[in-house]
Amino acid sequence: MIHEILPVGPLQCNCSVIGDETTHEAMVIDPGDDIEDIVAIVRRHKLQVKQIVITHAHIDHVGGAMKLRAQTGAPILLNQNDYALLKMLDVQASWVGMATPGKVEIDSSLDDDQSLRTGSLAASVLHTPGHTEGSVCLYFPAEKMLIAGDTLFARSIGRTDLPGGSFEKILNSLHSRVLTLPDETVVYPGHGPKTTIGEEREENPFLQM
Ligand SMILES: [Zn+2]
């Protein structure tokens, strides 16, 4: 597996480029900004982007999606519960002082338990509402890896004070969907360093409640 992680934009959202070394098919997760840098990685590995996956509709995760679609022709996927939030990108841009990316069009919804395939790589979609209504994590069982979006961070969890956020829901998502994964699963959060399910189960103060 090819896996490159690139912090993009002023909020340093972790964008992942995940590719099959044999078929050179790839998915890009959360292309929030800095699309030229993402495309440079794609070209360096001679990848063909098949899917643009958005973990949730915050501007720092979705802001560059249309530019990447224009350059790759790949469809943009987002859980439908975040479509309303996607209509608020102008408002979100003013919160964080980013330029508005214009309208983002979604090609299809990411549904709970849906399987995403790229070459030999397979991920299942875990709908994990709480940070936003339509937040998802992507679980790659063969690679023992979770792309967590802003649901789980190293020793922290996603904020729930923005529109669509719910502290009760994020805790429920974490306990019922995320902490049920094996301890050795490596977690790549939407911001900051990687961690593991086992470490977070033991050390994350929000998961002790
Ligand atoms: Zn977010």
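Check the entry above for the structure.
Residues numbered from 1 in each chain as written. Predicted model: local features only at pLDDT ≥ 70, side-chain atom pairs only at ≥ 80, totals over all residues. Heavy atoms only, no water.

Engineer: What should I look at first to understand the state of the cysteines in this one?
Structural biologist: A covalent bond between the sulfur atoms of two cysteines is referred to as a disulfide. Applying the stated rule across the entire model yields 0 disulfides. Cysteine 13 carries a free sulfur, and the closest cysteine sulfur to it, the one in cysteine 15, is 6.8 Å from it. No disulfide involves cysteine 137; its sulfur sits 13 Å from that of cysteine 13, the nearest cysteine. (Disulfide = S-S within 2.5 Å.)

Engineer: Hey, could you run me through the coordination of the zinc ion in this one?
Structural biologist: Geometry reference: four tetrahedral donors at a metal, ideal angle 109.5 degrees. Six octahedral donors, ideal angles 90 or 180 degrees. At this site the zinc ion is bound by His56 (NE2), His58 (ND1), His131 (NE2) and Asp150 (OD), with donor distances of 2.2 to 2.4 Å. One way to put it: the 4 donor atoms around the zinc ion meet at angles of 86 to 171 degrees, and that makes the site irregular. Written as a sequence motif, the donor residues of the zinc ion are H-x1-H-x72-H-x18-D. For the pair shown, histidine 56 and histidine 58 are each scored as buried. (Donors = N, O, S within 2.8 Å, 3.2 Å for Na, K, Ca; no water. Tetrahedral: all angles 85-135°; square planar, octahedral: opposite > 155°, others 65-115°. Buried < 20%, exposed > 50% of the residue type's maximum accessible area, 1.4 Å probe, protein only.)

Engineer: Just to check I follow, could you spell out the pattern of salt bridges for this structure?
Structural biologist: Opposite charge on two side chains permits them to pair, given that their charged atoms come into close proximity. Under the criterion given, the structure shown has 10 salt bridges. The partner of arginine 44 in a salt bridge is glutamate 4, with the nearest N and O atoms 3.4 Å apart. Taken together, the residues span a long stretch of sequence, with arginine 44 in helix H1 (residues 35-44) and glutamate 4 in strand E1 (residues 2-8) at a distance of 40 residues. Residue classification places arginine 44 among the exposed residues on the basis of a relative accessible area of 53%. Under the relative-accessibility criterion, glutamate 4 is labelled partly exposed at 22%. Salt-bridge contacts for arginine 201 lead to aspartate 183; the nearest nitrogen and oxygen are separated by 2.7 Å. Of this pair, arginine 201 sits in helix H7 (residues 197-203) while aspartate 183 sits in the loop between helix H6 (167-178) and strand E13 (186-189), and the two are 18 residues apart along the sequence. (Salt bridge = Lys/Arg side-chain N within 4 Å of Asp/Glu carboxyl O. Helix = DSSP H or I, 4+ residues; strand = E, 2+ residues; numbered from the N terminus.)

Engineer: Would you mind showing me how to read the layout of surface pockets here?
Structural biologist: When its volume is computed, the largest pocket comes out at roughly 220 Å³. Lining the largest pocket are 14 residues, and of these Leu11, His58, Asp60, Arg159 and Leu162 sit closest to its centre. Those elements that place two or more of their residues in the lining of the largest pocket are helix H2 (59-62) and helix H5 (89-96). Of the residues forming the lining of the largest pocket, the biggest block, 3 residues, is contributed by H5. (1 Å grid on protein atoms, 1.4 Å probe; cavity = no way out; pocket = protein on both sides within 12 Å on 5 of 7 lines; lining within 4 Å. Points joined across faces, edges and corners; volume = space filled by probe spheres on them.)

Engineer: Explanation requested: the nonpolar core in the structure shown.
Structural biologist: With 31 residues, the main nonpolar core has Val28, Ile38 and Ile52 as its most contacted residues. Broken down by element, this core gets its largest block of residues, 5 residues, from H1. Leaving out residues up to four positions away in the same chain, valine 28 has contacts with Cys15, Ser16, Val17, Ile38, Val42, Val49, Gln51, Ile52, Val53 and Leu68. (Core = buried A, V, L, I, M, F, W, Y, C linked by side-chain atoms within 4.5 Å. Contact = heavy atoms within 4.5 Å.)

Engineer: I tried to follow the sheet that holds strand E5 (residues 76-78) on my own but got confused; where do I start?
Structural biologist: Paired through backbone hydrogen bonds, the strands of a sheet run either parallel or antiparallel to each other. Read across the sheet, 6 strands follow the order E1-E2-E3-E4-E5-E6 without closing on themselves; strand pairing throughout is mixed. The sheet terminates laterally at E1 and strand E6 (108-109), the two strands that pair on one side only. In terms of strand pairing, strand E2 (residues 13-19) meets strand E3 (residues 25-29) through 4 bridges, oriented antiparallel. Across the sheet, isoleucine 18 pairs through a bridge with methionine 27, a residue of E3. Its contacts with the sheet place H1 against E1, E2, E3 and strand E4 (48-53), and it is angled at close to 165 degrees to E1. Contacts between helix H3 (residues 65-72) and the sheet are confined to E3, E4 and E5, with E4 contributing the most and set at about 155 degrees to the helix. (Pairing = 2+ DSSP bridges. Axes fitted to C-alpha atoms, helices over the stretch in contact; angles between N-to-C directions.)

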